Amino acid sequence: MINTIPNEVVEIPSTSEFNEMLNKFQNQLIIVTFYTETCPICKSFAPAFTGVQKELSKYNVFFGRANLNQMPIVGEQFNIMGVPTTIFVKNKEIVLMRSGGFPKTQFRQMVEEVLWKFFNIKVKKPADADTMYMWFLLIENLFFRGFWKLGNIILGPFEWGECPRSANTSIRACHTFN
């Protein structure tokens with residue numbers, strides 16, 4: 001069995017390796033999804049599970065997959081009634097158990113909440129494309145075009161220095177550098 005947390009989802013082939021994994025990584029968060037080969041929801045959830053593992057690999061979380069048909073004893077031990085079922089384990093105790101497949105964002109949120117609640121680890125979220133584009137537009141409008149644009153409302157051209165004191169300056173954005 002593995003001594004360090006791997007950078008990939010580990011297939012757990014037997015009950016003995018499952019128990020060994022629980023013992024070796026008991027101080028870390030262990031996430032195992034139980035599946036069967038004939039389950040279509042299990043197949044559709046697998047890419048989300050793998051994707052979240054890749055995104056959160058730096059947080060020392062063990063991600064494993066276990067075929068429930070090969071380990072019925074483990075299924076009985078954890079009272080698993082259907083697949084896919086994902087368990088979150090800390091110190092050999094289940095802290096969260098969810099049945100069903102989840103979209104990647106929802107599954108990632110579950111993992112982040114468990115990391116925060118039980119390990120006091122706040123996951124830094126990557127900036128999404130919309131946020132990055134918004135910042136790009138703001139910088140472009142401020143420094144290259146010289147005016148503020150908020151949606152369809154243009155807040156006047158920039159006046160570098162004092163704002164003119166006329167009636168139509170109420171919508172102008174003025175900025176000075178010291």
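Model, not experiment: these values are computed from the prediction.

Student: Looking at this structure, how should I read the packing of aromatic side chains?
Tutor: Going through the model one piece at a time under the given rule, you end up with nine aromatic pairs. On the basis of an interplanar angle of 50° and a centroid distance of 5.9 Å, the ring pair of phenylalanine 18 and phenylalanine 34 is categorised as tilted. Here the residue phenylalanine 18 occupies a position in helix 1 (residues 15-24), and phenylalanine 34 occupies one in strand 2 (residues 29-35), the gap between them amounting to 16 residues. For the pair shown, phenylalanine 18 and phenylalanine 34 are each scored as buried. Through a chain of ring-to-ring contacts, the aromatic side chains of Phe45, Phe49, Phe63, Phe88, Phe102 and Phe107 assemble into a single cluster. The side chain of lysine 90 reaches across the aromatic face of phenylalanine 119, ending 5.0 Å from its centre. Looking at lysine 122, its charged tip hangs above the ring of tryptophan 116, at a distance of 5.7 Å from the centre.

Student: How should the pattern of salt bridges be read in this particular structure?
Tutor: Opposite charge on two side chains permits them to pair, given that their charged atoms come into close proximity. One pass over the full model with this rule turns up five salt bridges. The partner of arginine 65 in a salt bridge is glutamate 11, and the shortest N-O contact between them spans 3.5 Å. Of the two residues, arginine 65 sits in strand 3 (residues 61-67) while glutamate 11 sits in strand 1 (residues 10-12), which places them 54 residues apart along the sequence. Assessed through its relative accessible area of 18%, arginine 65 is described here as buried.

Rules of the game
Residues numbered from 1 in each chain as written. Predicted model: local features only at pLDDT ≥ 70, side-chain atom pairs only at ≥ 80, totals over all residues. Heavy atoms only, no water. Phe/Tyr/Trp six-rings, centres within 6.5 Å; stacked < 30°, edge-to-face > 60°. Helix = DSSP H or I, 4+ residues; strand = E, 2+ residues; numbered from the N terminus. Buried < 20%, exposed > 50% of the residue type's maximum accessible area, 1.4 Å probe, protein only. Lys NZ or Arg CZ within 6 Å of the ring centre and 35° of its normal. Salt bridge = Lys/Arg side-chain N within 4 Å of Asp/Glu carboxyl O.

In short, geometric facts, not functional conclusions.
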